[in-house]
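Chain and residue survey
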Amino acid sequence: MEYPGIVFCGADSKGEGLFGVTDHEFGHTWFPMIVGSNERKYAWMDEGFNTYINSLSAKAFNNGEYFSERSGQRMASFFSKTTPVMTEPDAMAEFDIGILAYYKPGYGLTMLRETVVGQEKMKFAMQEYIKRWAFKHPTPFDFFHTIEDATGEDLGWFWKSWFLETYKIDQGISSVKYANSKVEDGIVIKIENLEQMPMPVEIEIKEKDKPLKRVKLPVEIWQKKGEWTFSYPSTGEIEYVKLNPSEILPDINTKNNIWRPEKKN
């Protein structure tokens, strides 16, 4: 447990458990002790930030001795709670506090870093947030505005979807066709955004006897409507097309994430 200037860890902790709790409590010397957010009202502004930072520090410590890759896809059902992250802890169901105060906000920042603004921008933005709000008392919107200002991005859609509401992610492949009905002329891929939360798209394409290729599309493709069609310059038979191959996005329906050609009789 954390207090100003001191933290308490279990006396019998050791190995990975000792590292995990120590790593997490170190972060509390910054959040909420130096950057003084209101943990009683916005628990995610300290617990969620530390959860995010722990995902980076564990990877950096001792060549990742205690690091394990987390799949957002596997957490999709837990993230799809009916209570928004911005709910005050006293009003959360007890079972949901770990998800809504720690894991969902922490992973939200991971998604920003890995899919929306990029690693360098996110690193700079978090450091800038600490510089601007050290020894002050920021609200959630101070955090949102600082990240937007530091990255140069309009992220209102992200904050609304992930923190203020309980919007879900469901990207799907609608169709894959050979251009001009010729294998050598490439393919035309149509994808859909079937839920309320837009996110950038990552697509893996496998041609027969060729290495895997990945295509990334920005979130702006969903600005006007919930479908997008684009061409890919393949020259051979397509074995499959797959959405979210890195499993970064917590997509609630994986059944529409992969396309394979119909088997010939």
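Now for a quick tour of the structure. These numbers come from a predicted model, not from an experiment. Every chain's residues receive numbers from 1 upward, in the order its sequence appears when written. Only residues with pLDDT of at least 70 are given local features in this predicted model, and only at 80 or more are side-chain atom pairs given and counted; all residues enter the totals for whole chains, interfaces and linings. Just so you know, side-chain values use all the structure's heavy atoms and leave hydrogens and water out.

1. Overview of helix H7 (residues 156–164)
- All buried positions along H7 are accounted for by Phe158, Trp159, Ser161, Trp162 and Phe163.
- Contact partners of the buried residues in H7: helix H3 (76–79), helix H4 (97–116) and helix H6 (140–151). A 1.4 Å probe rolled over the protein chains alone gives each residue an accessible area, and that area as a share of the maximum for its type sets the label: buried under 20%, exposed over 50%, partly exposed in between. Strands are runs of DSSP state E lasting at least two residues, helices are runs of H or I lasting at least four, and both sets are numbered from the N terminus onward. The contact criterion used is simple: two residues touch if any of their non-hydrogen atoms lie within 4.5 Å.

2. Quick notes on the packing of aromatic side chains
- Only Phe, Tyr and Trp rings are paired, with Trp represented by its six-membered ring, and only when their centres lie within 6.5 Å; those with planes under 30 degrees apart are stacked, over 60 edge-to-face, the remainder tilted. The tally for this structure, following the rule as stated, stands at 24 aromatic pairs.
- Following the ring pairs from residue to residue traces out a cluster consisting of Phe31, Trp44, Phe49, Tyr129, Phe141, Phe143, Phe144, Trp157, Phe158, Trp159 and Phe163.
- For a ring to carry a charge above it, either NZ of a lysine or CZ of an arginine must fall within 6 Å of the ring centroid while also lying within 35 degrees of the normal to the ring plane. Stacked on the ring of Trp162, the Lys or Arg Lys104 has its end atom at 4.8 Å from the ring centre.
- Its end group placed over the ring of Trp133, Lys136 keeps NZ or CZ at 5.9 Å from the ring centre.

3. What about helix H5 (residues 119–133)?
- Here the expected length of a helix is defined as 1.5 Å per residue gap, with one fewer gap than residues. End to end, H5 covers 21 Å across 15 residues, agreeing with the expected 21 Å (1.5 Å per residue, within 8%).
- Inspection of H5 places Met122, Ala125, Met126, Glu128, Tyr129 and Trp133 among the buried residues, and these make up the whole buried set. Relative to the axis of H5, the buried residues are bounded by an arc of 160° and lie together on one face. Seen from the buried face of H5, the exposed residues on the opposite side, beyond 90 degrees, are Glu120 and Lys131.
- Trailing H5 by a residue or two, Phe135 shows a phi angle of about 65°, which is positive. Arc, as used here, means the arc of the directions from the helix axis to the C-beta atoms.

4. Some thoughts on the environment of Trp44
- Mapped onto the fold, Trp44 is located in the loop between helix H1 (15–28) and helix H2 (47–60).
- Assessed through its relative accessible area of 2%, Trp44 is described here as buried.
- Along the sequence, Trp44 and Gly106 sit 62 residues apart, while their C-alpha atoms lie 8.0 Å from each other.
- Among residues more than four places away in sequence, those in contact with Trp44 are Phe49, Val85, Met86, Leu100, Ala101, Pro105, Pro140, Phe143, Phe144 and Phe163.

5. Points about the packing of H4 against H7
- Here an axis means a line fitted to C-alpha atoms, over the contact stretch when the element is a helix, while the angle between two N-to-C directions is reported on a 0 to 180 degree scale. Between H4 and H7, the least distance of the axes is 11 Å, while the angle of their chain directions is 150°. On the basis of the axis angle, H4 is roughly antiparallel to H7. Seen from above, H4 lies across H7 with right-handed handedness. Residues Lys104, Pro105, Gly108, Met111, Leu112 and Val116 of H4 form the contact with H7, whose participating residues are Trp157, Phe158, Trp159, Trp162 and Phe163.
- Of the residues that constitute the contact of H4 with H7, the class distribution is nine nonpolar, one polar and one charged. Reported orientations rely on four angle classes, namely roughly parallel under 35 degrees, roughly antiparallel over 145, roughly perpendicular from 65 to 115, and oblique for the rest. Crossings are classed by handedness, with left-handed meaning an anticlockwise turn of the near helix from the far one by less than a right angle and right-handed meaning a clockwise turn. Residues are sorted three ways: Asp, Glu, Lys and Arg are charged, Ala, Val, Leu, Ile, Met, Phe, Trp, Tyr, Cys and Pro are nonpolar, and all the rest, Gly among them, are polar.

6. Focus on the pairing of strand E8 (residues 238–243)
- Sheet analysis places strand E5 (residues 201–207) next to E8, joined by five bridges and oriented antiparallel. Residue Ile203 lies in a different strand from E8, and its bridge partner there is Leu243.
- A pair of strands is treated as paired once DSSP finds two or more bridges between them. Pairing geometry for E8 and strand E9 (residues 258–259), over two bridges, is antiparallel. Bridge pairing in E9 places Lys242 opposite Ile258.

7. Quick notes on unusual backbone geometry
- The omega angle of the peptide bond from Phe31 to Pro32 is 10°, so this bond is cis rather than trans.
- Here Pro32 is to be found in the loop between H1 and H2.
- Located in the positive-phi region is Phe135, a residue other than glycine, with phi close to 65°.
- Mapped onto the fold, Phe135 is located in the loop between H5 and H6.
- You can call Phe135 exposed: its relative accessible area is 67%.
- Non-glycine residue Asn244 carries a positive phi angle of around 55°.
- By the secondary structure assignment, Asn244 is in the loop between E8 and E9.

8. Observations regarding the pattern of salt bridges
- Salt-bridge detection follows one rule: a side-chain nitrogen of Lys or Arg within 4 Å of a carboxyl oxygen of Asp or Glu. The full count for this structure, using the stated rule, is 11 salt bridges.
- In this structure, Glu227 engages Lys190 in a salt bridge whose closest nitrogen and oxygen atoms are separated by 3.7 Å. Here Glu227 is found in strand E7 (residues 227–232), whereas its partner Lys190 is found in strand E4 (residues 187–193), with 37 residues between them in sequence.
- For Lys190, a relative accessible area of 25% translates into the label partly exposed.
- Glu207 is the salt-bridge partner of Lys210, the closest N and O atoms lying 3.4 Å from each other.
- Residue classification places Lys210 among the partly exposed residues on the basis of a relative accessible area of 32%.

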